[in-house]
Amino acid sequence: MERRIPDENELFDLAELFKVFGDSTRIRILYALYDEEHSVSDIADALSMTQSAVSHQLKILRQAKLVGARREGKQIFYGLADEHVHTIIQVGREHIEEE
């Protein structure tokens with residue numbers, strides 16, 4: 001075995017990251033944010049969810065460093081944290097679309 005297996009802490013963190021992707025509601029939110037930032041109310045309207053439910057899921061996504069927030073006056077806009085998140089979603093879709 002040539003590749004070094006990461007230590008337990010790193011493996012735990014990776015497993016926790018993948019757990020966040022294990023919820024279809026969070027995946028829907030990530031897709032809503034794939035191309036541009038949106039407010040909680042915009043996301044809630046687009047996904048037919050309550051603002052409270054969206055806020056709860058955004059908190060989890062922010063804690064996992066998958067989503068970032070930007071304040072503009074009183075409004076907060078959410079977007080994907082970085083290009084890595086785009087890549088994870090894109091590669092995941094390519095994987096499930098393979099025959």
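Residues numbered from 1 in each chain as written. Predicted model: local features only at pLDDT ≥ 70, side-chain atom pairs only at ≥ 80, totals over all residues. Heavy atoms only, no water.

Here we take up the overall build of the protein. For the protein, the helix and strand inventory stands at 5 helices and 2 strands. Counting from the amino terminus, helix and strand elements in the protein follow one another as α-α-α-α-β-β-α. In terms of principal-axis extent, the alpha carbons of the protein reach across some 55 × 35 × 20 Å. Relative to its 99 residues, the protein shows a buried fraction of 26%. Put simply, 49% of the contacts in the protein that link residues at least 6 apart link residues at least 24 apart. (Helix = DSSP H or I, 4+ residues; strand = E, 2+ residues; numbered from the N terminus. Buried < 20%, exposed > 50% of the residue type's maximum accessible area, 1.4 Å probe, protein only. Contact = heavy atoms within 4.5 Å.)

What follows deals with the packing of helix α2 (residues 24-32) against helix α4 (residues 51-63). To characterise two packed helices, one gives the angle between the axes of the helices and the distance between these axes. The geometry of α2 relative to α4 is characterised by a closest axis approach of 10 Å and an angle of 85 degrees between their N-to-C directions. Considering the angle they form, α2 stands roughly perpendicular to α4. Here α2 contributes Thr-25, Arg-26, Ile-29 and Leu-30 to the contact with α4, which in turn contributes Val-54, Gln-57, Leu-58, Ile-60 and Leu-61. Within the contact of α2 with α4, the residues separate by chemical class into 6 nonpolar, 2 polar and 1 charged. (Axes fitted to C-alpha atoms, helices over the stretch in contact; angles between N-to-C directions. Parallel < 35°, antiparallel > 145°, perpendicular 65-115°, else oblique. Nonpolar A, V, L, I, M, F, W, Y, C, P; charged D, E, K, R; others polar.)

Next up on the list: the side chain of Gln-57. Position of Gln-57 relative to the elements: it lies in helix α4. For Gln-57, a relative accessible area of 11% corresponds to the buried category.

Quick look at the packing of helix α3 (residues 40-47) against α4 now. For the pair α3 and α4, interaxial distance at closest approach is 9 Å and the crossing angle is 110 degrees. It follows that α3 is roughly perpendicular to α4 by the angle criterion. With respect to the hand of their crossing, α3 and α4 are arranged in right-handed fashion. Along its contact with α3, which presents Val-40, Ser-41, Ile-43 and Ala-44, the element α4 presents Gln-51, Val-54, Ser-55 and Leu-58. (Left-handed = near helix turned anticlockwise from the far one by under 90°.)

Next up on the list: α4. Because each turn of an α-helix spans 3.6 residues, side chains separated by three or four positions in sequence point in the same direction. Its 13 residues place the ends of α4 18 Å apart at the C-alpha level, agreeing with the 18 Å of an ideal helix rising 1.5 Å per residue. Looking only at α4, the buried set comprises Val-54, Gln-57, Leu-58 and Leu-61. Around the axis of α4, the buried residues are gathered within 105 degrees of arc, so they sit on the same side. Those residues of α4 that are exposed and aimed more than 90 degrees away from the buried face are Ser-52, Lys-59 and Gln-63. (Expected span 1.5 Å × (residues − 1). Arc of directions from axis to C-beta.)

This part is about the side chain of Arg-26. Along the chain, Arg-26 falls in helix α2. The buried charged residue Arg-26 lacks any salt bridge, with Asp-23 as its nearest oppositely charged partner at 4.1 Å. Here Val-20 takes part through its backbone oxygen, which lies 2.9 Å from a polar atom of the side chain of Arg-26. Apart from residues no more than four positions distant in its own chain, Arg-26 is found in contact with Lys-19, Val-20, Gln-57, Ile-60 and Leu-61. (Lys, Arg positive; Asp, Glu negative; His and termini not counted. Salt bridge = Lys/Arg side-chain N within 4 Å of Asp/Glu carboxyl O. Polar contact = N/O pair within 3.5 Å; in protein donor to acceptor, adjacent residues only side chain to side chain.)

By themselves, these are just geometric observations and shouldn't be taken as functional.
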